[in-house]
Amino acid sequence: MPRLTITGAATAVPMGAQVYEEQVASRAAAALAAHGSWSVDRLVVRSLRSPLPGNRRLPMGWLAGASTRSRRAVGRALYPRGGVVHRMGLELPPSPHLDVITLHDVVAWKFPDESAPVPAAAQEARRAAAVICVSAFSAGEAVDLLGIDPPHVVHNGVDPRYLDAVPLGSEELEALGITGPYVLTAGGVSRRKNLEGLAEAWPRIRSARPDVTLVLAGPEHPKRTALFGGLPGVRLVGRVPDATIAGLYAAASAVLVPSLYEGFGLPALEAMAAGVPVVAARTSSLPEVVGDGGMLVEPTVEQIVEGTLWALSDDFAVREMAARGRTRAAEFTWERAAAGHAAVWASLV
């Protein structure tokens, strides 16, 4: 019986990559049923003293900077002999057998304010039995920058709760300090997110629409506070609980994704699923994901302002666009993503 081992790293603050890992791993066995009988195991690796849940411990700090040879030795001890191993994080050691990795993007190699890449990761990617990328854009970047064989492209999915999202009520919004209509931006603060451009654009948007608030969701960070803390009509709500985030999207008048660079752009897809008008930058993977389901603009101050004000207007075309976005988002299912992964795993056996 073929064997699949999915391995990931325990993390205290789950982000988009962890959403991907959980959604694919939880559907792996069902997706592989179309390819015969498989054994599916899951390893969750944590550091030696980590209190996080997991079933394996490794010296993660040392491992991230270890030589290729040392990392392969750890992999031989960690993984079962034979079968397919899918590493959901590049910091994890490679399998000496059928090694599969997911490469969400190449930001670690391109942007100095991102976490530095694992030194051995590029070489390991070139040696892998298969590389999966979450967008055709990321796949092209991986080929051009890392010199790997063309990866398999398997798009992410969107959680069905966004398609079924009920907008937060006024009391729930007031508990977050939000009153009246608002536009939402969710995510990190690295330079590629273009929060500087949004901060420059916001006073002009606010001047034209003083009734609208800009809501920023994401883990607290001094950079976000420095950029937006002194601006009028801005509310920083921090990291929003999973039970609340879909309703926060659904209650927004528009969602802004002004990024300079995205490997996929899950916030845009989630907003589309919730039926909310999306204004996204015409950069990197975002046109591939958004298609005609959102307003694509150049990531300049001028176009961020123009696109946002149009999305806030009563133009019937805005409602048509949001309807197209919801229909398009419904095609990005995690079942389809898991099936794509299963086809890659099965092709190696």
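All of these numbers come straight from a predicted model, not from anything done at the bench.

Undergrad: When you look at the sheet that holds strand β3 (residues 56–57) in this model, what are you seeing that I'm missing?
TA: The strands making up a sheet associate through backbone hydrogen bonding, with each pair oriented either parallel or antiparallel. As summarised here, the arrangement of the seven strands in space is β3-β2-β1-β4-β5-β6-β7, forming an open sheet in which the pairing is parallel. With partners counted over all chains shown, the strands left at the sheet margins are β3 and β7 (152–153), one partner each. As paired elements, strand β1 (residues 3–9) and strand β4 (residues 84–87) share four bridges and run parallel to each other. For leucine 4, the partnering residue across the bridge sits in β4 and is valine 84. Here helix α6 (residues 136–146) sits on the sheet in contact with β5 (98–103), β6 (130–133) and β7, set at roughly 130 degrees to β6.

Undergrad: Quick question: what am I supposed to make of the pattern of salt bridges here?
TA: A side chain of one charge can pair with a side chain of the opposite charge if their charged atoms are brought near each other. Tallying each qualifying case throughout the model produces 18 salt bridges. Across the pair glutamate 124 and arginine 87 runs a salt bridge, and its minimum N-O distance is 3.3 Å. Taken together, the residues span a long stretch of sequence, with glutamate 124 in helix α5 (residues 121–127) and arginine 87 in strand β4 at a distance of 37 residues. Exposure class is identical for glutamate 124 and arginine 87. Each is buried. When salt bridges that share partners are traced, they join Arg71, Arg87, Asp99 and Glu124 into one network.

Undergrad: Please explain the sheet that holds strand β9 (residues 213–217) as it appears in this structure.
TA: Taken together, the six strands give an open sheet; going across it, the order is β10-β9-β8-β11-β12-β13, and neighbouring strands pair in parallel fashion. Each end of this open sheet is capped by a strand with a single partner; those strands are β10 (234–238) and β13 (295–297). For this sheet, the mean angle separating the axes of adjacent strands, direction not counted, is 25 degrees. Pairing of strand β8 (residues 182–186) with strand β11 (residues 254–257), which is carried by two bridges, proceeds in the parallel orientation. Paired with leucine 184 across the strands is valine 255, a residue of β11. Strand contacts of helix α14 (residues 301–311): β8, β11, β12 (278–281) and β13, with the helix running at about 165 degrees to β13, the strand carrying the most contacts.

Undergrad: Hey, could you run me through the nonpolar core in this one?
TA: One recurring pattern in soluble globular proteins: nonpolar side chains tend to sit buried together. Core analysis: the largest hydrophobic core is formed by 39 residues, its most contacted members being Ile178, Tyr182, Leu184, Leu248, Tyr249, Val255 and Leu269. Elements represented by at least two residues in this core include exactly β8, β9, α11 (242–251), β11, α12 (266–273), β12 and α13 (286–290). A per-element tally of this core places α12 first, with six residues. Not counting residues up to four positions away in its chain, the partners in contact with isoleucine 178 are Leu173, Val215, Arg235, Val237 and Leu248.

Undergrad: Which parts of the structure should I look at to understand the packing of helix α1 (residues 16–32) against helix α16 (residues 334–347)?
TA: In the contact formed by α1 and α16, the axes pass within 8 Å of each other and the chain directions differ by 65 degrees. Here α1 lies roughly perpendicular to α16, going by the angle between them. Read as a crossing pair, α1 and α16 show a hand that is right-handed. Judged by residue contacts, Val19, Tyr20, Gln23, Val24, Arg27, Ala28, Ala31 and Leu32 of α1 engage Trp334, Glu335, Ala338, Ala339, His341, Ala342 and Trp345 from α16.

Rules of the game
Counting of residues starts from 1 at the beginning of each chain's written sequence and follows it residue by residue. Owing to the predicted nature of the model, reporting of local features is limited to residues with pLDDT of at least 70; listing and counting of side-chain atom pairs is limited to 80 or more, with chain, interface and lining totals taken over all residues. Only hydrogens and water are removed before side-chain values are computed, so all heavy atoms of the structure are retained for them. Any two strands are treated as partners once DSSP identifies two or more bridges connecting them. Note on conventions: DSSP H or I runs of at least 4 residues are helices, E runs of at least 2 residues are strands, and numbering of each starts at the N terminus. The contact definition used throughout considers only heavy atoms, calling two residues in contact when any of these lie within 4.5 Å. To get an axis, fit a line to the C-alpha atoms, keeping to the stretch in contact for a helix; angles then go from 0 to 180 degrees between the N-to-C directions. Basic side-chain nitrogens of Lys or Arg form a salt bridge, by our definition, when they fall within 4 Å of a carboxyl oxygen of Asp or Glu. Think of it in three bands: with a 1.4 Å probe and only protein chains considered, a residue is buried below 20% of the maximum accessible area for its type, exposed above 50%, and partly exposed in between. By nonpolar core we mean a set of buried residues, namely Ala, Val, Leu, Ile, Met, Phe, Trp, Tyr and Cys, connected to one another through side-chain atoms within 4.5 Å. Orientation labels follow simple angle bins: below 35 degrees gives roughly parallel, above 145 gives roughly antiparallel, 65 to 115 gives roughly perpendicular, and whatever is left gives oblique. Crossings are classed by handedness, with left-handed meaning an anticlockwise turn of the near helix from the far one by less than a right angle and right-handed meaning a clockwise turn.

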